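Descriptive analysis of the structure
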Amino acid sequence: MVIFIAASETIQNYSNFGSSVCGLDATFTITQYSFALFAIMGRHRGGAIPLAYFLTSSKSMNAVKRGLEMFRDEIGGPPPQAFCIDKDIAELKAIRQVFPEATIILCHFHFMMIVYSELRALRHALSAEQIKQCTRTIRLLCSSTTIPLFKERLTLLQQQSPSFFQYFMENFLNDYWID
C-alpha cells in the first residue's frame with residue numbers, strides 16, 4: 001500500500017523548488033502498524049521544503065518505486081537532476097528505476113555518521129587518536145578536487161587502517177555509489 005500526499009500549489013511550483021536536487025528520506029515504524037513515511041524534499045531560499053510525502057506499508061524497493069512514480073506523475077515536468085539520500089539501497093534502486101538520468105548523491109551527514117561509527121568498531125582496534133586521524137583523512141578525501149589527490153588520500157587511509165580501508169572500499173567505493 002502506498003498513499004501519496006502533496007499540496008497542489010507546491011507541486012505546481014516544483015520547478016522552483018526541486019528540479020535540480022531533491023532529497024529522499026524515510027522514517028520507519030511511525031505507527032503501531034509499522035508504516036514508513038517518506039519525505040521528498042526540495043530547496044527553497046537556502047533551506048528545505050517538503051514537496052511531497054508518501055506513506056507505505058513496506059520499505060521495499062517496490063514500495064519506494066511506487067511512491068516515486070506517483071511523485072513523477074504529479075510533477076509532470078522535467079525530472080529532478082539529482083537525489084540526495086542516506087545509505088538506503090531500496091531507495092537507491094527505486095530512484096534508478098523511476099529517474100534513471102538522476103545523479104544519486106550520498107548525504108554527507110549520514111555518510112560521516114556511518115564512517116565515524118565504523119571507525120569506532122572494535123574490529124579495527126583503533127585508538128581515539130587514530131580514529132581522529134582517519135576521520136580527518138575521510139574529510140580530506142571528500143573534499144578532493146582531483147583524481148590524483150583523491151588517490152593520495154585513499155592511500156593515506158589505507159596506511160592508517162587497513163581493516164577500515166577494506167570496509168570503506170567494499171561499502172562506498174562500489175557500483176552502488178561510484179559509476
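Residues numbered from 1 in each chain as written. Predicted model: local features only at pLDDT ≥ 70, side-chain atom pairs only at ≥ 80, totals over all residues. Heavy atoms only, no water.

**Thoughts on a nonpolar patch on the surface**
Stated formally: Here a patch means residues that are over 30% exposed by relative accessible area and free of salt bridges, tied together within 9 Å if like-charged and within 5 Å if nonpolar (Val, Leu, Ile, Met, Phe, Trp, Tyr). The Shrake-Rupley method, run with a 1.4 Å probe, gives the accessible areas here. Residue values count only the displayed protein chains as cover. Salt bridges are counted wherever a side-chain nitrogen of Lys or Arg sits within 4 Å of a carboxyl oxygen of Asp or Glu. Each residue is assigned to one of three classes by its accessible area relative to the maximum for its type, calculated with a 1.4 Å probe on protein chains only: buried under 20%, partly exposed between the two thresholds, exposed over 50%.
A contiguous nonpolar surface patch, about 360 Å² in accessible area, is contributed by Met1, Ile3, Ile5 and Tyr53. By relative accessible area, Tyr53 is classed as partly exposed at 31%.

**Here we look at the environment of Phe28**
The condition is simple: Per the convention used, a helix needs a DSSP run of H or I reaching at least four residues, while a strand needs a run of E reaching at least two, with both numbered from the N terminus. Contact definition: two residues touch when any of their heavy atoms are within 4.5 Å.
Along the chain, the position of Phe28 falls in the loop between strand 2 (21–27) and strand 3 (36–44). Here the alpha-carbon distance between Phe28 and Phe83, two residues 55 residues apart in the chain, equals 19 Å. In contact with Phe28, not counting residues within four places along its chain, are Phe35, Ala36, Phe38, Lys59 and Asp88.

**Topic: helix 3 (residues 61–75)**
The cut-off we apply is this: Helix span, expected: 1.5 Å multiplied by one less than the number of residues in the helix.
The end-to-end C-alpha distance of helix 3 is 21 Å, a good match for the 21 Å that 15 residues give at a rise of 1.5 Å each. Phi turns positive, to about 60°, at Gly76, one or two residues after helix 3.

**A closer look at the packing of helix 6 (residues 128–142) against helix 7 (residues 147–160)**
Note the cut-off: Angles here are taken between N-to-C directions and fall from 0 to 180 degrees, while the axes themselves are lines fitted to C-alpha atoms, restricted in helices to the stretch in contact. Angular relationships are summarised with four words: roughly parallel below 35 degrees, roughly antiparallel beyond 145, roughly perpendicular across 65 to 115, and oblique for the angles in between. Two helices that cross are described as forming a left-handed crossing if the nearer one is turned anticlockwise from the farther one by less than a right angle, and a right-handed crossing if clockwise. Classification convention: Asp, Glu, Lys, Arg as charged; Ala, Val, Leu, Ile, Met, Phe, Trp, Tyr, Cys, Pro as nonpolar; all other residues, Gly among them, as polar.
Following both chains from N to C, one finds helix 6 and helix 7 inclined at 165°, their axes separated by 9 Å at the closest point. Judged on the interaxial angle alone, helix 7 and helix 6 are roughly antiparallel. Crossing geometry of helix 6 relative to helix 7 is assigned as left-handed. Of helix 7, the residues touching helix 6 (which contributes Gln133, Cys134, Thr137, Ile138, Leu140 and Leu141) are Phe150, Arg153, Leu154, Leu156, Leu157 and Gln160. Within the contact of helix 6 with helix 7, the residues separate by chemical class into eight nonpolar, three polar and one charged.

**Describing unusual backbone geometry**
Although it is not a glycine, Ala125 adopts a positive phi angle of roughly 50°. With respect to the helices and strands, Ala125 occurs in the loop between helix 5 (108–119) and helix 6. Residue classification places Ala125 among the exposed residues on the basis of a relative accessible area of 65%.

**Considerations on the environment of Val115**
Within the secondary structure layout, Val115 lies in helix 5. Residues Val115 and Thr135 lie 20 residues apart in sequence; the distance between their C-alpha atoms is 7.8 Å. When sequence neighbours within four positions are dropped, the list of residues in contact with Val115 reads Ile138 and Phe164.

**Examining the nonpolar core**
Generally speaking, soluble globular proteins have nonpolar side chains that are buried together. Selection rule: What makes a nonpolar core is a set of buried Ala, Val, Leu, Ile, Met, Phe, Trp, Tyr and Cys residues whose side-chain atoms join them at distances within 4.5 Å.
If you look at the biggest cluster of nonpolar residues, it comprises 46 residues, and the most contacted ones within it are Leu24, Leu68, Phe71, Phe83, Ile138 and Phe168. Broken down by element, the residue count for this core peaks at five residues, all from helix 3. Here Leu68 is in contact with Leu24, Ile40, Phe54, Phe83, Ala94, Ile95, Val98 and Phe99, once residues within four sequence places are set aside.

**Quick look at the packing of helix 7 against helix 8 (residues 162–171)**
Put simply, helix 7 and helix 8 touch, their axes get as near as 5 Å, and they point 130° apart. With respect to their mutual orientation, helix 7 and helix 8 come out oblique. Contacts between helix 7 and helix 8 involve Leu154, Leu157, Gln158, Gln159 and Gln160 from the former and Pro162, Phe164, Phe165, Phe168 and Met169 from the latter. Grouping the constituent residues of the contact of helix 7 with helix 8 by class yields seven nonpolar, three polar and no charged.

**Concerning the side chain of Ser161**
The following threshold applies: Under the rule applied, a polar contact is a pair of N or O atoms within 3.5 Å (in protein, one hydrogen donor and one hydrogen acceptor; residues adjacent in sequence only if both atoms are side-chain atoms).
Within the fold, Ser161 resides in the loop between helix 7 and helix 8. Exposure remark for Ser161: the relative accessible area of 3% places this residue in the buried category. Within the local environment of Ser161, its side chain forms a polar contact with the backbone nitrogen of Phe164, the two atoms lying 3.2 Å apart. Not counting chain neighbours up to four residues away, the residues in contact with Ser161 comprise His124, Leu126 and Cys134.

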